[in-house]
Each structure stands twice: as structure tokens, then as C-alpha cells.
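A structural walkthrough
Below, each chain spelled out in residue letters.
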Amino acid sequence: MQPLMERITGALAAVRNPRTGADVMAADMVRDIATTVDGKVRLTLLLAADDDATLVRDVRQAIESLSGVSDVRVDVRDPAQTEPTPARRAPTAAPPAMNQPQAPARGAATGGMGRALPVMDAAPKAPPKVPEPVAYPQLGRIIAVSSGKGGVGKSTVAVNIAVALAKMGKRVGIMDADIYGPNLPLMLGVDAAPSVVDEKIIPLEAYGIKVMSIGFLIEKEQPAIWRGPIVMKILTQFLKDVAWGQLDYFLVDMPPGTGDAQLSLVQATQVHGAVIVTTPQQVSVGDALRGVKMFERTAVPVLGIVENMSYFENPETGKPIAVFGTGGGARLAQECNLPLIGQVPLDPRIQEGGDTGRPIVDAEPTSRAAKELEAIAQRVVERLVSIYGS
């Protein structure tokens with residue numbers, strides 16, 4: 001049997017970049033292949049903004065199919081941020097130590113290649129041009145559901161608003177823009193590789209809504225270590241290369257904070273409104289305020305504030321218990337001159353539904369939490385009508 005390194009490079013030579021038609025080895029997209037004696041493989045894939053993000057999956061699957069491979073890790077890098085490749089040198093003959101990664105290999109040959117040192121007086125690269133936003137009228141009203149920090153239930157609110165809109169008879173799609181921690185596959189109970197028809201990705205469906213997530217394209221345990229240009233590429237591809245059909249509302253579940261994904265979305269298309277999710281604590285409210293300001297500075301109307309985990313209803317007396325304090329959402333709304341469009345109670349069934357793929361709006365439609373989330377969906381529609389008309 002051929003050495004593992006030779007079999008890896010041979011398998012990768014069969015993986016072609018659909019944009020260029022060249023295989024990833026000939027195009028020098030694969031760098032720093034390293035293996036261990038127990039079959040673990042690690043490599044770097046240079047993925048440009050114009051390349052198809054599914055190449056990551058294709059590269060991994062090509063290596064996983066090889067006999068003797070126990071684990072594969074693909075690190076994705078932007079070639080614009082990678083130093084130029086020097087001329088190839090003759091391979092060295094030093095064998096790798098047992099249980100240690102082999103020397104990096106690049107290109108179609110298994111021999112190593114030197115790493116170029118940066119030239120200190122080189123002319124700086126011109127900053128990348130900011131793309132003009134593209135209109136996607138078939139998506140209807142595009143709504144970003146965002147938060148200043150993680151753990152406030154942003155994805156829960158986004159999913160339940162989407163399901164509530166579908167129950168109202170609306171045509172709804174939801175996109176998971178949380179590239180680093182996609183939650184929609186779990187929360188909606190769908191997890192399969194989407195098919196491709198006529199060069200369009202077919203979204204999965206659940207509870208009457210169309211769903212797309214990076215979680216459908218990568219392994220569950222794989223960390224997404226991607227920089228801004230790759231995030232922009234993935235979000236743009238989800239907007240234009242997915243067969244969404246004609247929608248009335250298109251929700252985007254944003255990652256926490258005000259980083260690459262938020263800026264990428266508003267640069268890629270017109271966002272018609274944002275919903276900001278917070279909890280009553282001051283630390284959450286302070287972070288959510290930054291989210292409000294970010295959307296305001298990018299000319300995206302903030303439709304309102306949702307206070308999640310507002311209170312816990314005593315099952316014996318029915319009285320609310322302020323587990324996380326009170327008034328945070330109202331203070332934020334007042335400070336920003338925005339409406340408080342909902343206060344969702346803390347209900348264990350919400351968490352259970354998120355873990356089992358059954359949103360509470362569908363699983364427990366008569367619960368107080370479900371009714372409040374349905375009311376939030378209605379208020380979102382009303383706010384959009386007040387801004388843009390019917």
C-alpha cells in the first residue's frame with residue numbers, strides 16, 4: 001500500500017474547484033498537510049471569497065474515505081492573508097518522529113516547501129472594495145434577529161417568530177448566520193446535507209418554514225475558524241445560491257455581538273429591520289445597546305426590543321418571579337426610543353423544545369410563552385408595515 005501522505009495527495013487531486021475547474025492540489029489550495037502514525041490528518045485549505053464553501057466538506061470527505069485515516073481537521077484560511085509561496089525545493093529525507101506530525105507538505109508533490117518571510121518594505125495591499133448591497137426581492141422582508149451577547153435566547157426567539165409567522169399563513173425562510181455556532185439544525189429538528197438542483201442549494205423544511213444553516217454542511221464537532229472574507233462569502237452564497245422560492249419574510253439568526261456577520265449581512269443586501277433580544281440584567285442590556293447602535297449606524301431600522309427570560313411564573317400561585325431582575329428591556333427601549341415588543345417568560349418547556357427540535361409555538365401553543373412569541377411576530381409585521389407599507 002502507498003504511504004498515507006501519497007494517498008492523501010492523490011485523493012485531493014480528484015477534488016476540483018468548480019469555480020476554476022482545477023483540482024485543489026494543482027491550484028495550490030492545500031497547504032501544510034500533516035499526519036500522525038495513528039491516522040490523524042490536518043491541513044490548511046486556502047478558500048478565496050469567490051470559492052464555493054462546500055469545498056471544505058469535499059476535501060474532508062476525500063481524506064476520510066482513505067483507509068487508515070482516523071480523524072481529519074481542515075483549517076480554512078483566506079489566500080489574501082497568506083504569504084506568497086516560494087519556489088519548490090527538493091524534499092528532505094528526514095523521517096517524522098513516531099506519534100508526531102510529519103513535516104508539512106504542499107502542492108502535488110509530497111516534498112516540503114519553504115515558507116516565505118514577509119518583506120518589510122513591500123507596498124501595502126489596497127483595502128478590499130466594499131461590495132454594493134444586492135436586492136433579493138424574492139426573499140420578501142429581511143429581518144435580522146440579533147443580540148449584544150450570547151445566552152439570551154436569540155435563536156429561540158428567531159425560530160419561534162419564524163414558526164409563528166408560518167402559522168399566520170406567511171411564506172417564511174430562516175437563515176443561520178451564526179457561522180461559528182449554528183443552532184438552527186438542533187432547534188428545528190432538521191439535520192441533513194441539502195441537495196443541489198440546477199446549481200441551487202435546496203433548503204430543508206420544518207414547521208412550514210425553509211431553513212438553511214452552515215450546520216448542514218460541516219461536521220457537528222468541527223470548529224469554524226473563519227475570518228471575515230469567508231463569513232461574507234458564506235452569507236452571500238446562502239442569499240443568492242439557495243432556492244428559497246418566493247417568501248414573505250426572511251429571518252436571519254445572527255451571532256452574538258457586532259462583528260463580521262452583522263457587517264457582512266448589511267453589506268450583502270438590504271435588511272428591512274432588526275429585532276434586538278436581551279434579558280433583564282444590566283450586563284445584557286448594555287451589550288444589546290451596542291447592537292442597537294450598530295444597526296442604526298448602518299441604516300437598518302430597529303423594529304423593537306424583545307426581553308427574554310423576563311420572569312418565571314410560579315406554578316402554584318401564578319405570580320411572576322423576577323429571576324434575572326426587572327425592567328432591563330423597558331429601560332433599553334426607552335433609552336433608544338424604541339418599542340418593547342415583547343416580554344417572554346422563563347419557561348422550561350422552551351429549553352426542552354430547543355433541545356428536541358420542537359419550538360414552543362408549535363409544541364405548547366396555549367402556553368403563555370407561546371402566546372407572547374406569537375404576539376411578537378404580529379408586532380414585527382405591524383412595525384414593518386408602518387415603515388414600508390403593506
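Structure: see above.
Here goes a summary of the coordinates provided. (Residues numbered from 1 in each chain as written. Predicted model: local features only at pLDDT ≥ 70, side-chain atom pairs only at ≥ 80, totals over all residues. Heavy atoms only, no water.)

1. Topic: the environment of Val41
In this fold, Val41 is placed in strand E2 (residues 40–46). Under the relative-accessibility criterion, Val41 is labelled buried at 3%. Excluding residues that lie within four positions of it along the chain, Val41 makes contacts with Ile8, Ala34, Thr35, Ile63, Val69, Asp71, Val72 and Arg73. (Helix = DSSP H or I, 4+ residues; strand = E, 2+ residues; numbered from the N terminus. Buried < 20%, exposed > 50% of the residue type's maximum accessible area, 1.4 Å probe, protein only. Contact = heavy atoms within 4.5 Å.)

2. Re helix H7 (residues 282–297)
Over its 16 residues, H7 runs 23 Å from end to end, which matches the ideal 22 Å to within 8%, given 1.5 Å per residue. Considered for burial, the residues of H7 that qualify are Ser284, Val285, Asp287, Ala288, Gly291, Val292, Met294 and Phe295. Phi turns positive, to about 65°, at Ala299, one or two residues after H7. (Expected span 1.5 Å × (residues − 1).)

3. Regarding the sheet that holds strand E12 (residues 302–308)
Across the sheet, which stays open at both edges, the 8 strands sit in the order E8-E9-E5-E10-E4-E11-E12-E15 with mixed pairing between neighbours. Each edge of the open sheet is held by one strand with a lone partner, namely strand E8 (204–206) and strand E15 (340–344). For this sheet, the mean inter-axis angle between neighbouring strands, taken without regard to orientation, is 25°. Of the strand pairs in this sheet, strand E4 (residues 141–147) and strand E11 (residues 273–278) are connected by 5 bridges, and their pairing is parallel. Its bridge partner being in E11, Ser146 is matched across the sheet by Ile276. Running over the sheet, helix H8 (residues 328–336) touches E11, E12 and E15 and is turned about 160° from E12. The sheet strands contacting helix H11 (residues 368–388) are E4, strand E10 (249–253), E11, E12 and E15, and the helix crosses E15 at an angle near 170°. (Pairing = 2+ DSSP bridges. Axes fitted to C-alpha atoms, helices over the stretch in contact; angles between N-to-C directions.)

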